[in-house]
Amino acid sequence: MYTQAMDTAPKDEREAIASVEQAELQRRFDQRIDAGEFIEAKDWMPDHYRKTLVRQISQHAHSEIVGMLPEGNWITRAPSLKRKAILLAKVQDEGGHGLYLYAAAETLGTSRDQMIEALHAGKAKYSSIFNYPTLTWADMGTIGWLVDGAAIMNQVPICRCSYAPYARAMIRICREESFHQRQGFESLLTMMREGTDAQRAMVQDAVDRWWWPSIMMFGPPDDKSPNSAQSMRWGIKRISNDELRQKFVDATVEQAKVLGVTLPDPELKWNDARGHWDFGAIDWDEFWRVVSGDGPCNRERLAARVAAWEEGAWVREAALAYASKRSVRPSGPGQGPGIDQRSAAAGATGSTPAVREAESS
Amino acid sequence: MSHGSEWPLWEVFVRSKAGLDHKHCGSLHAADAAMAIQLARDVYTRRQEGTSVWVVRSDQITASDPGDKEMYFDPAADKVYRHPTFYVLPDAVDHM
């Protein structure tokens, strides 16, 4: 749900092309990219392409998982059983999206533990939006409307990413994501149309706080985004940061009217010549401050992730110990599928699914 | 943190409804088969996407080598007579 275009890549990791054979592989790879073909996990790919993808997909996965925290904060305090069930389903989706994405990144040869280690050590980034606090119930609706809305705008083009496992994960995610934005808007609309003055003021306050961080989610402006061109060339990125941001602003202004809230930007004005809404300058100092670890909740978020990981260590170890103990015994009652399912599953392996190297090798 | 303690990787296949094939839909980490089935349900069938799930450990799958793709699959490209459209028939019987 929550990718953020952040060019945090080192300037140039490309290695000198080693041999004639390498050059030929590179030529064929470029040809396939130009022809709009998909690259699969086991296909040859340049090192820099692989590294760029690992970085982007793992950042995206981390964003999903860290993104569970600000909303998880409100599950126990949802105003009705209906809203609680919706919020639970949404947060569960985010966990699922994180898992699809970690699995896609693992096809590139990195391990789940390596990625999680990088996050916990502060080496890997996640979307800066989750370093803002969720102060009121209206923040839940506003996150759905604005934050998920921005995420969808960012993510739809990635469904056509040249790296197939990432594209497949994104298709699944985008299909599930639309509920997130709609439930948020509907929740706000209910408060605006049927609520009290205090509830309407609460919605406006939430929109005021989330608007600017939301439009920052599209990443730095194009002229400050030096690696974008390479990602475009490779078909990892399809539409530029500024173009996506404009699209989001144009769509959101109309939705705000329906909702009956104002967006906190006095410079927001329709530009007839451009056919777009003009908007005010974004505080990029704030963006970089939050990305680099100094937002309102960075330390709290990371501490929560590390604690969850460390406190769950004994469970992971116990499950593994239990599994290995069971596997040395002759199969006991209730263990594994019956004969029928077993032979059926064996048949499936002949159909050559997308397969990865086992992490144990 | 040791990397040897990661739960093994499993590939997940889901039958979306009775009468259709199981289809590969993704993968996950689980300590054993029973846990893999349970996690597969939570991760891949939250919206009635399936009526049956298979899981198989990823290291138990043998796949063809992408490097051999041309050698393996291309020789069939010139055998057009294996397709019904190769045979031109009069309109009266062309629905055959």
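Since this is a predicted model, take the numbers as computed values, not measurements. (Residues numbered from 1 in each chain as written. Chains lettered and ligands numbered in written order. Predicted model: local features only at pLDDT ≥ 70, side-chain atom pairs only at ≥ 80, totals over all residues. Heavy atoms only, no water.)

## Some words on the packing of helix 6 (residues 138-155) of chain A against helix 7 (residues 164-194) of chain A
All names here are of chain A. The test is simple: Angles shown run from 0 to 180 degrees and are taken between the N-to-C directions of axes, each axis being a line fitted to C-alpha atoms and, for helices, limited to the stretch in contact. Each helix is a run of DSSP H or I of at least 4 residues and each strand a run of E of at least 2, with the numbering of both proceeding from the N terminus. A crossing counts as left-handed when the near helix is turned anticlockwise from the far one by less than a right angle, and as right-handed when that turn is clockwise. Gly counts as polar in this scheme, as do all residues outside two lists: the nonpolar Ala, Val, Leu, Ile, Met, Phe, Trp, Tyr, Cys and Pro, and the charged Asp, Glu, Lys and Arg.
Where helix 6 contacts helix 7, the two axes come as close as 7 Å, and the packing angle between them is 145 degrees. Both helix 6 and helix 7 take part in a crossing whose hand is left-handed. Here the residues of the contact of helix 6 with helix 7 sort into 10 nonpolar, 11 polar and two charged.

## A short note on a nonpolar patch on the surface
Using the following cut-off: Each patch is assembled from residues with relative accessible area greater than 30% and no salt bridge, linking like charges that lie within 9 Å and nonpolar side chains (Val, Leu, Ile, Met, Phe, Trp, Tyr) that lie within 5 Å. For accessible areas, the Shrake-Rupley method is used with a probe of radius 1.4 Å. Any residue's cover is judged against the shown protein chains and nothing else. What makes a salt bridge here is a side-chain nitrogen of Lys or Arg within 4 Å of a carboxyl oxygen of Asp or Glu, nothing more.
A grouping of B:Val80, B:Tyr81, B:Phe86, B:Tyr87, B:Leu89, B:Val93 and B:Met96 is seen on the molecular surface, where their side chains present a nonpolar patch of about 690 Å² in accessible area. Its place among the elements puts B:Met96 in the segment after helix 2 (69-73).

## What about helix 8 (residues 197-216) of chain A?
All names here are of chain A. Which entries qualify depends on this criterion: Under the convention used throughout, the expected extent of a helix is 1.5 Å for every residue step, that is, one less than its residue count. Throughout, the bend at a residue refers to the angle made by two axes, fitted to the seven residues ending there and to the seven starting there. Whether a residue is buried, partly exposed or exposed follows from its accessible area with a 1.4 Å probe, protein chains only, as a fraction of its type maximum: under 20%, in between, or over 50%, in that order.
Over its 20 residues, helix 8 extends 30 Å from the first C-alpha to the last, a length consistent with the 28 Å expected when each residue adds 1.5 Å. Most pronounced at Trp 210, the bend in helix 8 amounts to some 35 degrees, and the proline Pro 213 follows within four residues. Within the span of helix 8, buried status applies to Val 203, Gln 204, Ala 206, Val 207, Trp 210, Trp 211, Trp 212, Pro 213, Ser 214, Ile 215 and Met 216.

## Describing the sheet that holds strand 3 (residues 52-57) of chain B
Residue and element names in this part refer to chain B. Our working rule: Pairing between strands is defined by DSSP: at least two bridges between the two strands are required. Two residues qualify as a contact provided that any one of their heavy atoms is within 4.5 Å of a heavy atom in the partner residue.
The strand order across the open sheet formed by three strands is 2-1-3, and the pairing between neighbours is antiparallel. At either margin of the open sheet sits one strand with a lone partner, and together these are strand 2 (22-29) and strand 3. Neighbour to neighbour, the strand axes of the sheet diverge by 25 degrees on average, direction disregarded. Sheet analysis places strand 1 (residues 9-15) next to strand 3, joined by six bridges and oriented antiparallel. Residue pairing for strand 3: Val 14 is matched across the bridge by Val 53. On top of the sheet, helix 1 (residues 33-44) reaches strand 1, strand 2 and strand 3; it is set at about 110 degrees to strand 2, its chief contact.

## As for the side chain of A:Ser111
Secondary-structure assignment places A:Ser111 in the loop between helix 4 (81-106) and helix 5 (112-120). Given the relative accessible area of 15%, A:Ser111 is considered buried. In contact with A:Ser111, other than residues within four places in its own chain, are A:Glu106 and B:Glu6.

## Quick notes on the packing of aromatic side chains
Basically, it comes down to this: When the centres of two rings from Phe, Tyr and Trp lie within 6.5 Å, Trp using its six-membered ring, the rings pair. Their planes under 30 degrees apart give stacked, over 60 give edge-to-face, and anything left gives tilted. Look at NZ for Lys and CZ for Arg. If either is within 6 Å of the ring centre and within 35 degrees of the ring normal, a charge sits over the ring.
This model, assessed by the stated rule, comprises 15 aromatic pairs over all chains. With a centroid separation of 5.6 Å and 25 degrees between ring planes, the pair formed by A:Tyr100 and B:Tyr44 is classed as stacked. With A:Tyr100 in helix 4 and B:Tyr44 in helix 1, the pair connects residues from two separate chains. Given the relative accessible area of 5%, A:Tyr100 is considered buried. Chaining the aromatic ring pairs together yields one cluster made of A:Phe29, A:Trp44, A:Tyr49 and A:Trp234. One Lys or Arg, A:Arg172, reaches over the ring of A:Tyr100 and ends 5.4 Å from the middle of that ring.

## Quick word on the pattern of salt bridges
Counting across every chain of the model gives 28 salt bridges over all chains. In this structure, B:Arg41 and B:Asp42 form a salt bridge, with 3.0 Å as the shortest nitrogen-oxygen distance. According to the relative accessible area criterion, B:Asp42 is partly exposed, its value standing at 28%. Notably, a salt bridge pairs B:Asp59 with B:Arg57, separated by 3.0 Å at the nearest N-O pair. For B:Asp59, a relative accessible area of 31% gives the class partly exposed. Linked by salt bridges that have partners in common, A:Glu71, A:Lys90, A:Glu94 and A:Asp148 make up one network.

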